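Residue strings, one per chain:
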Amino acid sequence: MTAAPDLVLTGAEVRTLDPARPRATAVAVRDGLIAAVGDERDVPGWRGPRTEVVDLRGAHLVPGLVDAHSHPVWGLDMATGADLSGVTGLADLRAALAVAARVDGWVIGHGLDHNAFEGRPVDRALVEDVLGGAPAFLRLYDGHSALATGAALAAAGVTGARVFEQRSEVVCDADGRPTGHLVEHAAMGLVESVMPRPSYAARRKRLVELLAAMAATGLTGAHVMDEGDAELVGAVAEETVLPLRLRFAPWCMPGVDGAGLAELVAAQGRGGRHWTVDGVKFFMDGTVEGGTAWLEHADCHGQGTAAFWPDPDAYAAAVRRLHAAGVRTATHAIGDAAVRHVLDVVAGLGAGAAGRHRIEHIETAPDALLPRFAELGVAASMQPPHTAYTRADGTDEWSRRLGTARAGHAWRLRDLRDAGATVALGSDWPIAHYDARAVLATARAPRGAASAGAGLTGLEALEGCTSHAARAAGEADTAGRIAVGYRADLTALALDPVTAPTDELTESPIRLTVTGGHVMHRGE
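Just so you know, these numbers come straight off a predicted model, no measurement behind them.

So, about the overall build of the protein chain. On a plain count of helices and strands, the protein chain comes out with 18 helices and 26 strands. Against the 2.2 N^0.38 benchmark of 24 Å for 524 residues, the protein chain shows a C-alpha radius of gyration of 23 Å, consistent with a compact globule. Expressed along its principal axes, the backbone C-alpha trace of the protein chain runs to roughly 80 × 50 × 50 Å. Buried residues in the protein chain amount to 60% of all 524 residues. Counting contacts in the protein chain only where the partners sit at least 6 residues apart, residues at least 24 apart contribute 73% of the total.

Written out as structure tokens, the structure reads:
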């Protein structure tokens, strides 16, 4: 070592995920990188007069945990107002709305489970009488649909159906009356554009608090599947050290032209300390519960047979253009037809596409599609906590819509790993909580419709938030393991994340979170 390290972590059980040296007890950090990996006897020789030495007292040190699918900036707006995630039925929903605080006269809510409607169609008539005429906008948990009241629709000038370039719908009844159910982004955006919005100062404060809270669960990075807010993130990054590394993938939506694609290409590489734009996010479908997942055969309501891109070939052309420009892509694909189409498009790109493209979510997929992930080098980015929105007995909205056979192919983490795929793990916050420990635990013990199948091993789950997340981002040579020259992103837990029982893992204290050599969280 040519110069003294800035930070030395000692007294640890280090699981490096480096095949050349799987275990160690001490790690040295200099200039944001791993400078040395060794044992306690090496520490005296590493120390310099300005070296901070942290005794981890037997904690388990692993590569920094990464959320491979999150929305920490866009989610600030999505997770605004009343938290309705605890609502389990219509009576609960009405009671919660009756006492909900007003935001500039509006009732705004988020996290509402489709199952709360108890099988009824989503309709404003179910709740308007408890709101006293206040406009209300309630986001359902999936982030792809919402319920707006008549007053909210009137404020946005929505009086009937609309035509959109992307798959979206203002749901109307047989008489053409908007029910208030807004499906997909363009439809929701009609009302979102007239809603109260937090001030810049409030959003900045919430972002700083959110990232600090994420770091407190052991997270050191997030693959951000939206464009975020460059002004906000850039300002915070100049004033302080971002607790997490944020990799933004701006959206590419149907109707994009050549100039729009050129803008996406030009945006690549923009950023600052601990944040960058790297990749582009597509949507091939929506959600099962909303009836917009693209399925090979219709769901039980006769829905789900259309893609988010009205012309799927236009999606393929956009991917080809970006691939030729060296841009990585991530595509939201939940239904079996959507997954198949994305794989077919990547297959058409040729051998040079391996390792450059990924699919997000993959909630149901038949056996025949699984080997293609490894064959084509397409990463599977999956969110185990989403399984909690389903039920093992099949009575939830997701399972009922798909039917027994397709619900039996739910979140096939184990099968994709067995097929040789890169499987990166995340939360999709604010769709599910960002706590990295819950992501690890639920990957090992999936819930609901996925609970009948085997989960990942403890090591595979850890890899999903470290080495496989790095591979999915094209960073396998610089991140995802503890080795000399790799980024000094590190997480220390009181319990071993590989061997601890899942119920204990979710409560494991986080002793230390280090991002880029900076200590971002210190636990007890």
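What follows is about helix H7 (residues 230–239). Among the residues of H7, Leu232, Val233, Gly234, Val236 and Ala237 are the ones counted as buried. Buried positions along H7 lie against helix H2 (74–78), helix H6 (200–215), strand S16 (245–248) and strand S18 (275–277).

If you look at the biggest cluster of nonpolar residues, it comprises 95 residues, and the most contacted ones within it are Leu246, Phe282, Met284, Ile359, Phe373 and Leu425. Among the elements that make up this core, the one with the highest residue count is helix H10 (residues 336–347) (7 residues). Here Phe373 is in contact with Val339, Leu343, Ile359, Ile362, Val378, Ala379, Ala380, Leu416 and Ala421, once residues within four sequence places are set aside. By size, the runner-up hydrophobic cluster in this structure holds 21 residues, among which are Ala24, Ile482, Tyr486 and Leu490.

Reading across from one edge, S3-S2-S7-S24-S25-S26 is the order of the 6 strands in this open sheet, with mixed pairing throughout. Edge strands, defined here as strands with exactly one partner in the open sheet, are strand S3 (23–24) and strand S26 (518–522). Two strands pair when backbone bridges link them, and strand S24 (residues 490–493) and strand S25 (residues 510–515) are joined in this way by 4 bridges, in the antiparallel orientation. Across the sheet, Ala492 pairs through a bridge with Leu512, a residue of S25.

The terminal C-alpha atoms of H10 lie 16 Å apart, and with 12 residues this matches the ideal 16 Å at 1.5 Å per residue to within 8%. Summarising burial for H10: 9 of the 12 residues are buried, a large majority. Every buried residue of H10 is accounted for by Asp336, Ala337, Ala338, Val339, His341, Val342, Leu343, Val345 and Val346. Elements in contact with the buried residues of H10: helix H9 (312–324), strand S20 (329–333), strand S21 (357–361), helix H11 (370–376), strand S22 (378–382) and helix H13 (404–407).

In this structure the tally under the stated criterion is 10 aromatic pairs. Connected via pairs of aromatic rings, a cluster forms that spans Trp74, Trp251, Phe283 and Phe308. Sitting above the plane of the Trp294 ring, Arg340 keeps its charged end 6.0 Å from the centroid.

Tracing the backbone through its elements, the reader meets Met253 in the loop between S16 and helix H8 (258–267). Judged by its relative accessible area of 17%, Met253 is buried. Distance from Met253 to Ala436, taken between C-alpha atoms, is 30 Å for residues 183 residues apart in sequence. Residue contacts for Met253: discarding those within four places in its chain leaves Gln166, His185, Phe283, Phe308 and Trp309.

Take the sheet that holds strand S17 (residues 271–272) next. Strands sit in the order S8-S15-S16-S18-S17 across an open sheet of 5 strands; the sheet is mixed. Of all strands in the sheet, those bounded by a partner on one side alone are strand S8 (65–70) and S17. Relative to strand S15 (residues 219–224), S8 runs parallel, the two being bridged by 4 bridges. For Leu65, the partnering residue across the bridge sits in S15 and is Leu219. The sheet strands contacting H7 are S16 and S18, and the helix crosses S18 at an angle near 150°.

Let's shift gears to the pairing of strand S5 (residues 33–38). Taken across its 6 residues, S5 has 5 buried, putting it largely inside the fold. As judged from the 5 bridges shared by strand S4 (residues 26–30) and S5, these two strands associate in the antiparallel manner. From the neighbouring strand, Val27 faces S5, where its bridge partner is Val37.

As a further point, take unusual backbone geometry. In the segment running from Trp429 into Pro430, the intervening peptide bond is cis, with an omega of 10°. Along the chain, the position of Pro430 falls in the loop between strand S23 (423–425) and helix H15 (436–444). One non-glycine residue, Asp31, adopts positive backbone phi at about 55°. Mapping Asp31 onto the fold places it in the loop between S4 and S5. Residue His361 is not a glycine yet carries a positive backbone phi of 90°. With respect to the helices and strands, the residue His361 is situated in strand S21. Residue classification places His361 among the buried residues on the basis of a relative accessible area of 3%.

The next point concerns the pairing of S22. The buried fraction of S22 is high, at 5 of 5 residues. On S22, burial covers both faces: Val378, Ala380 and Met382 on one face and Ala379 and Ser381 on the other are all buried. Pairing analysis gives 4 bridges linking S21 to S22, with the strands arranged parallel. By the bridge assignment, Glu360 is partnered in S22 with Ser381. In terms of handedness, the path from S21 via H11 over to S22 forms a crossover that is right-handed. One ladder, built from 3 bridges, connects S22 with S23; its direction is parallel. Of the residues in S23, the one forming a bridge with Met382 is Leu425.

Within the fold, Gly105 resides in the loop between helix H3 (90–98) and strand S10 (107–112). A sequence separation of 317 residues divides Gly105 from Thr422, and the C-alpha atoms of the two residues are 47 Å apart.

Right, let's talk about the packing of H8 against H9 for a bit. Running from N to C, H8 and H9 cross one another at 40°; their axes reach a closest spacing of 10 Å. By the angle between their directions, the pair H8 and H9 is classed as oblique. Between H8 and H9 lies a crossing of right-handed hand. Across from Gly258, Leu261, Ala262, Leu264 and Val265 in H8, the residues of H9 making contact are Ala318, Arg321 and Leu322. In terms of residue class, the contact of H8 with H9 is built from 6 nonpolar, 1 polar and 1 charged.

About the criteria used
- Residues numbered from 1 in each chain as written.
- Predicted model: local features only at pLDDT ≥ 70, side-chain atom pairs only at ≥ 80, totals over all residues.
- Heavy atoms only, no water.
- Helix = DSSP H or I, 4+ residues; strand = E, 2+ residues; numbered from the N terminus.
- Rg over C-alpha atoms; globule rule 2.2 N^0.38 Å.
- Buried < 20%, exposed > 50% of the residue type's maximum accessible area, 1.4 Å probe, protein only.
- Contact = heavy atoms within 4.5 Å.
- Core = buried A, V, L, I, M, F, W, Y, C linked by side-chain atoms within 4.5 Å.
- Pairing = 2+ DSSP bridges.
- Expected span 1.5 Å × (residues − 1).
- Phe/Tyr/Trp six-rings, centres within 6.5 Å; stacked < 30°, edge-to-face > 60°.
- Lys NZ or Arg CZ within 6 Å of the ring centre and 35° of its normal.
- Axes fitted to C-alpha atoms, helices over the stretch in contact; angles between N-to-C directions.
- Right-handed = clockwise from strand over helix to strand, strands pointing away.
- Parallel < 35°, antiparallel > 145°, perpendicular 65-115°, else oblique.
- Left-handed = near helix turned anticlockwise from the far one by under 90°.
- Nonpolar A, V, L, I, M, F, W, Y, C, P; charged D, E, K, R; others polar.

Treat this as a map of the structure, not an account of what it does.
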